[in-house]
Amino acid sequence: VYNHKGEVLISRVYRDDIGRNAVDAFRVNVIHARQQVRSPVNMIARTSFFHVKRSNIWLCAVSKKNLNAALVFQFLYKMLEVMGSYFGKINEENIKNNFVLIYELLDELLDYGYPQNTDTGVLKTFITQQGVKSQTKEETTKITNQVTGQIAWRREGIKYRRNELFLDVVESVNLLMSPQGQVLSAHVSGRVLMKSYLSGMPECKFGINDKVIVESRRAADSSSAAGATKSGHIAIDDCQFHQCVKLSKFDTEHAISFIPPDGEFELMRYRNTKDISLPFRVIPLVREIGRTKMEVKVVVKSNFKPSLLAQKVEVRIPTPLNTSGVQVICMKGKARYKASDNAIVWKIKRMGGMKEWQLSAEIDLLNATDKAKKWTRPPISMNFEVPFAASGFKVRYLKVFESKLNYSDHDVIKWVRYIGKSGLYETRC
Amino acid sequence: ASVSESLGNIRPWLQKVTTQAKTTDSKYFTTTRKGEIFELKAELNSERKDKRKEAVKKVIASMTVGKDVSTLFPDVVNCMQADNLELKKLVYLYLMNYAKTQPDKAIMAVNTFVRDCEDPNPLIRALAVRTIGCIRVDEITAYLCDPLRKCLKDEDPYVRKTAAVCVAKLHDIDPLLVEEQGFLDALKELLADSNPMVVANAVAAITEISDSAQTDTAADMLCWSGQLINKLLTALNECTEWGQVFILDAVANYTPTENNEAQNMIERVSPRLAHANAAVVLSAVKVIMKLLEMLDPNSDFVLSTIKKLSAPLVTLLSSEPEIQYVALRNINLIVQKRPDILKQELKVFFVKYNDPIYVKLEKLDILIRLTSAANIANVLAELKEYATEVDVDFVRKAVRAIGRCAIKVESAAERCVSTLLDLIQTKVNYVVQEAIVVIKDIFRKYPNKYESVIGTLCENLDTLDEPEARASMIWIIGEYAERIDNADELLESFLEGFADEQTAVQLQLLTSVVKLFLKRPTDTQELVQQALSLATQEADNPDLRDRGYIYWRLLSTDPAAAKQVVLAEKPLISEETDLLEPNLLDELICHIGSLASVYHKPPAAFVDGRGGGQVAKATKGLPSRLAAEAGGAAAAAAGAGGGDFGAGTGAPGRPAVSVIPTQESLIGDLLDIDMSGGATAAAAMAAASASTNQQPVDLLGEGLDSLLGGPAPSATSPVPPSGASAAAGGSGADSLADIFGGLGGGVGGGLGGGGGFDPPMETWLPAQKGKGLQIEGRFLRRGPQLSMELRLRNNAMQQLNGFAVQFNKNSFGLAPAQPLAMNPLAPQQSVTTLLPLNTKGPVQKMDPLLTLQVAVKNNIDIFYFACLIPMYALFTEEGDMDKRVFLSTWKDIPPENETQFNLGSYAHDADTASTMLRSFNVFTIAKRSVESTDMLYQCVKLTNGILVLAELKIVPQTNAYTLSLKSRHVEIYPGVHEAYLAVLKG
């Protein structure tokens with residue numbers, strides 16, 4: 001772990017073949033490299049360096065072997081996640097303050113370069129900032145069993161007075177549109193986040209309106225599925241699950257069943273490219289008037305039910321580097337020219353469905369002296385939040401079974417929320 | 001208690017050490033706060049626990065920053081006995097860092113370790129085992145075995161899983177110890193453990209051990225039965241994500257015996273494709289890709305599996321950029337292997353504005369691979385968009401990609417060309433240059449189709465400053481000289497700066513001027529003479545000079561022939577130009593997810609082998625059901641050859657693999673030889689053409705014709721070998737026949753003739769290292785003539801030509817008696833050739849004595865390999881001598897030079913043995929029988945005149961052979977011994 005100056009904050013060597021000079025090699029060749037390094041994997045003197053940069057902090061893994069590169073990066077990200085959950089934001093100060101903790105964590109996370117256990121929940125059971133109090137033998141065996149056991153992510157004996165669970169379906173809509181309004185690529189990457197406050201070792205079953213799943217269900221028991229609506233099933237391209245989900249069961253029975261970890265986690269991730277209802281359309285019109293003037297007109301159309309409200313809508317219209325002044329007129333919301341970002345930022349707090357708003361701006365340009373630096377017209381990007389899932393994803397049911405403790409599915413209070421967010425929502429102009 | 005007692009004794013001594021350190025390491029003390037170490041020392045010895053803890057933390061902090069706090073070693077170790085777990089961890093951390101520098105003091109900690117290994121708290125037990133394995137001090141390792149054995153059988157899974165990894169650590173320190181102590185078996189038992197995490201760690205440890213194994217038992221650790229694999233796949237469901245990666249990676253090494261098994265495995269692995277961890281997904285992909293090779297490619301099962309693969313791969317692209325990068329590099333491989341998987345998913349590879357540059361470049365690469373007539377319109381629009389971006393490299397690649405589209409999809413070529421023209425109009429310097437290079441390729445593919453654009457190109461002549469772009473432009477001018485009115489002026493303007501140009505440009509310029517002359521001979525004579533004299537008289541580069549001379553000769557003797565040579569039809573370049581070589585690709589497929597797949601290099605190219613690697617590690621290969629198919633693919637890609645443009649601008653078909661030669665130290669040496677070799681050959685050529693004035697027309701004509709047998713002559717080779725040697729031979733027909741017959745007759749004779757035995761061919765240069773060129777060879781002696789028989793095989797996808805061979809200095813001064821006579825080698829073709837050797841080369845004693853380092857050059861690169869000369873190849877026919885001479889020589893050699901070897905027993909009697917040896921120029925001088933034991937006195941003379949006298953004793957009943965050697969040069973005994981063994985074994 002380095003800070004932005006290349007000073008070492010944390011370093012832990014797991015194998016003999018890497019010496020202290022590797023530390024310097026990375027500093028010289030990557031952090032202070034004359035040209036920006038163009039790959040996250042670098043080979044310096046037959047030693048491979050993998051790095052990930054988070055704000056000002058460099059996380060670097062070093063090896064001489066032919067190891068699994070995907071594993072390394074996945075681990076580095078996991079490590080960031082674990083550190084984040086222990087002490088919040090990852091910056092130099094926090095790292096310095098918690099270096100003992102980090103060493104302790106590293107001890108558990110990796111052994112001889114092999115990732116061991118990276119689940120925050122479990123780690124918190126036995127690595128605490130207070131230091132471990134003297135534990136009884138039973139306690140420690142319980143911990144070790146849990147760390148290594150089949151269900152490493154949940155400890156036993158959890159009790160809640162109110163059994164509650166929250167489901168958030170968060171989708172980010174990615175779009176790349178040509179200036180003519182042709183969709184070049186669009187996909188939704190969605191995540192199902194779950195917060196569970198359930199007692200005991202509950203087994204959950206989760207149902208969604210995916211075509212494959214629904215169809216196989218129908219085949220399995222035609223009576224119950226016959227009532228299911230014919231339309232409204234979506235075709236999910238691919239989905240990935242948290243490690244608690246029994247993948248083999250999903251493969252054979254198309255059932256998502258799992259024992260959830262306690263607290264917050266990401267249950268599944270999915271991706272969808274078909275039949276996406278795009279919440280917004282941006283229609284740009286750019287005209288260059290002579291050498292020193294440009295005219296930009298941007299129309300934003302909202303394309304969903306009028307009863308729904310979109311929030312935090314923001315349109316970012318890039319301007320050339322040699323912009324000297326901008327006059328903006330817009331019907332709704334606030335628009336400002338931000339010189340530091342080279343963009344006009346148009347913010348609309350709320351926007352109902354089926355509306356169409358327009359912004360027009362005149363951009364004054366300095367006389368372009370360095371013509372070589374051509375403006376490349378970056379795309380217009382957009383941010384928003386809408387209260388529905390653009391892919392049409394729906395949670396059909398979530399059933400909780402806990403055989404030992406006597407509470408049933410009905411006693412669990414469940415909350416479901418859909419959020420559609422903008423991912424990279426861009427229109428070329 | 002015993003430790004603290006011993007500490008008590010040591011302390012006064014230690015204080016002395018630290019004070020000494022203070023005086024010598026004063027510079028260190030000035031850099032830290034004054035007295036800091038002493039303060040820490042006091043705190044470490046403090047009575048209060050919390051204060052001690054603080055102090056240890058401070059120590060660790062300074063250790064991290066790189067300060068040397070090793071002087072505090074004993075004080076820190078003292079804190080180790082605390083029962084506070086956190087403190088203990090810190091102390092252990094300190095120990096790991098400094099134990100190696102202070103092994104004698106580290107011993108003090110051993111007792112605590114051993115005790116901690118039996119602590120009731122499993123966390124402490126595990127911690128102790130974990131730490132102890134990281135302390136690489138021999139003395140400590142010895143103490144480690146017993147506790148480790150206990151921990152491997154610990155009741156607590158947490159301890160067991162830590163112990164499993166510890167075995168791997170120990171193996172790294174001392175592999176023999178691990179085997180002796182039976183840890184390998186213990187590890188195997190853990191594979192059947194009830195706890196999935198223990199299993200996963202055991203798998204990881206075993207994989208590691210077998211990778212670095214030096215003995216067979218360890219290497220065999222990975223040879224698992226199908227049953228075990230089955231078990232592991234079951235455990236897969238219960239493992240943590242990392243454990244799944246370990247298991248999948250290990251399973252990938254297993255090759256099932258039958259199709260059903262493979263199918264079953266695929267079914268069980270495929271659920272992993274839906275895992276959130278990219279490493280799990282990629283490892284699962286790897287297993288599946290490998291197993292798919294075994295199955296019938298047209299079966300429904302395979303097709304449906306391939307369908308299943310695409311979605312997860314695409315999903316990887318929505319993860320973090322670094323993981324995307326790894327995924328993209330792998331997808332690049334997969335697309336080459338099985339293009340169908342992702343052909344529907346083109347759009348996900350469209351570049352996003354915010355992608356990091358490394359992701360952009362990779363996406364672009366894949367985009368091109370997936371381009372087809374069906375989607376070309378979309379792709380082209382995207383590429384045009386990219387070409388206006390900011391990043392120089394990316395833009396260049398995008399421009400190049402447009403060219404590749406044009407070459408790949410003929411129907412779109414016109415659109416591509418007009419896009420390129422648009423880009424040239426932007427006048428952005430690097431875009432223009434790149435576009436010109438690309439247009440040159442398009443001209444090669446579609447000759448005489450788009451020359452209307454030449455005018456536009458010529459407008460941009462002045463802005464070109466990169467050699468490749470200049471060379472491309474010059475090529476275009478030369479090629480279309482008859483249609484460009486002012487071609488002579490343009491070339492002349494280039495010629496003015498001839499000396500400042502790079503070689504590639506110079507060569508191209510020379511060729512183009514000659515082309516121009518041949519097309520418009522009337523008004524360009526002056527120009528061509530100027531160019532030729534520049535090339536032949538003022539250039540230092542032998543390649544350039546040679547090409548100049550060839551042209552000169554051609555033009556002055558037979559312009560018609562020159563026309564045939566220079567303006568010959570060029571083969572069309574084919575579309576897929578930067579595919580990896582199939583062998584390499586297959587190997588890389590086996591490494592999906594790993595670094596090898598990111599670098600696109602075989603692991604051997606960047607991982608240091610350990611300890612010479614006594615156990616030959618078989619490189620991983622795909623199960624070879626489809627060997628034939630792979631061959632077909634290679635053949636399909638063949639003909640991507642360098643062509644005449646290979647001369648300057650880099651052969652388009654060059655595989656993008658770099659090879660790291662094994663004997664790096666010698667490169668310089670050999671390169672040196674190469675240069676001088678080229679120069680002498682050039683000199684010979686010049687001399688020959690000067691002296692034999694009547695003959696060479698024919699001679700050269702034929703030589704060049706033979707060169708033209710391939711697509712085009714490569715001017716990068718120092719001198720066309722056959723032509724040069726023919727000319728150098730001077731005596732015309734004889735030598736010519738000799739050389740051209742060298743391939744057929746010479747080899748035929750070589751193979752057919754001779755009663756002696758021929759050793760089997762050895763592989764000297766594997767195809768992976770030779771960029772597709774594989775060389776096998778052996779040494780033969782036919783009568784007085786020693787020669788090297790080479791079998792060259794072209795596994796690359798392009799034609800190989802311009803072969804030349806050089807030997808490094810060696811112990812016996814072996815050198816090629818004549819240049820290597822080789823016709824161009826078409827892809828998948830193999831040719832056997834006989835290279836006569838002499839012993840007039842430079843001599844330098846090598847170690848091992850019989851090593852011969854060889855450099856082989858072709859149009860791709862220079863390759864180096866080493867082989868062993870068998871000693872019998874060096875036995876000359878002059879070994880016979882008079883009995884008396886033998887006797888006196890024997891006596892002359894001091895008795896201490898006599899060495900005896902036991903040769904084992906053979907069925908031959910003394911006479912047969914004598915005849916056998918005689919055919920290898922081992923001369924029997926005398927024979928005598930003493931008490932029914934036959935004694936043969938023999939003599940051998942080596943090529944460098946060294947005499948070896950031998951006494952071969954044969955006991956008839958047992959047929960036991962004993963050899964006594966006597967010579968003034970004892971170094972050669974092992975070689976002679978080997979030779980005897982080889983001959984007697986037949």
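Reading the values: rules and limits
- Residues numbered from 1 in each chain as written.
- Chains lettered and ligands numbered in written order.
- Predicted model: local features only at pLDDT ≥ 70, side-chain atom pairs only at ≥ 80, totals over all residues.
- Heavy atoms only, no water.
- Helix = DSSP H or I, 4+ residues; strand = E, 2+ residues; numbered from the N terminus.
- Contact = heavy atoms within 4.5 Å.
- Areas by Shrake-Rupley, 256 points an atom, 1.4 Å probe, with all protein chains shown as cover.
- Buried < 20%, exposed > 50% of the residue type's maximum accessible area, 1.4 Å probe, protein only.
- Salt bridge = Lys/Arg side-chain N within 4 Å of Asp/Glu carboxyl O.
- Polar contact = N/O pair within 3.5 Å; in protein donor to acceptor, adjacent residues only side chain to side chain.
- Nonpolar A, V, L, I, M, F, W, Y, C, P; charged D, E, K, R; others polar.
- Phe/Tyr/Trp six-rings, centres within 6.5 Å; stacked < 30°, edge-to-face > 60°.
- Lys NZ or Arg CZ within 6 Å of the ring centre and 35° of its normal.
- Patch = residues over 30% accessible without salt bridge, like charges linked within 9 Å, V, L, I, M, F, W, Y side chains within 5 Å.
- Lys, Arg positive; Asp, Glu negative; His and termini not counted.
- Charge placed at Lys NZ, Arg CZ, Asp CG, Glu CD.

Asks: Explanation requested: the overall build of chain B in the structure shown.
Replies: When its secondary structure is counted, chain B shows 44 helices and 13 strands. Pairs at least 24 apart in sequence give 68% of the contacts found in chain B among residues at least 6 apart. For chain B, the accessible surface area stands at approximately 39200 Å², while carbon and sulfur atoms represent 51% of it.

Asks: Please explain the overall build of chain A as it appears in this structure.
Replies: Within chain A one finds 9 helices and 21 strands. A total of 429 residues make up chain A; the buried ones form 52% of that total. A separation of at least 24 residues holds for 72% of the contacts in chain A among residues at least 6 apart in sequence. A total accessible area of about 20500 Å² is found for chain A, and carbon and sulfur atoms account for 49% of it.

Asks: Help me understand the interface of chain A and chain B in this model?
Replies: When the parts of a complex come together, some accessible area is lost, and that lost area is often taken as the interface size. Facing 81 residues of chain A, the contacting portion of chain B comprises 102 residues. When the shortest N-O distance is used, the salt bridge between Glu241 of chain B and Lys78 of chain A registers 3.0 Å. Counting across the chain A and chain B interface gives 10 residue pairs in polar contact (both at pLDDT 80 or more). With 8 residues, helix α2 (residues 69–87) of chain A is the single largest residue contributor to the side of chain A that touches chain B. Taken together, the residues that form the side of chain A that touches chain B break down as 34 nonpolar, 25 polar and 22 charged.

Asks: How do you make sense of the packing of aromatic side chains when you look at a structure like this?
Replies: A ring pair, where both rings are aromatic, is described by two values, the distance of the centres and the angle of the planes. The final tally for this structure, using the stated rule, is 18 aromatic pairs over all chains. Judged by centre distance (6.0 Å) and plane angle (70°), the rings of Phe75 of chain A and Trp242 of chain B are edge-to-face. Within this pair, whereas Phe75 of chain A is found in helix α2, its partner Trp242 of chain B is found in helix α17 (residues 241–251), the two belonging to separate chains. The class for Phe75 of chain A is buried, based on a relative accessible area of 6%. With 5.6 Å between their ring centres and 50° between their planes, Trp764 of chain B and Phe779 of chain B make a pair best called tilted. Taken together, the positions of Trp764 of chain B in strand β1 (residues 762–765) and Phe779 of chain B in strand β2 (residues 773–782) put the pair 15 residues apart, joining distant regions of the chain. A single burial state applies to Trp764 of chain B and to Phe779 of chain B, both of which are buried. The rings of Phe280, Phe304, Phe384, Phe388 and Tyr425 of chain A are connected pair by pair, giving a single aromatic cluster. Cation over ring: Lys399 of chain A sits above Tyr397 of chain A, and NZ or CZ is 4.5 Å from the ring centre. A cation sits over an aromatic face here: Lys360 of chain B above Phe394 of chain B, 5.5 Å from the ring centre.

Asks: Even after reading the chapter, I still don't get a negative patch on the surface, so can you show me in this structure?
Replies: All names here are of chain B. Together, Glu489, Glu492, Glu496 and Glu526 make up a negatively charged patch on the protein surface. Considering each element in turn, the negative patch owes the most residues, 3 residues, to helix α29 (residues 487–496). When you line up the elements, Glu526 lands in helix α31 (residues 525–538). What makes Glu526 exposed here is its relative accessible area of 68%.

Purely spatial values, then, with no claim about function.
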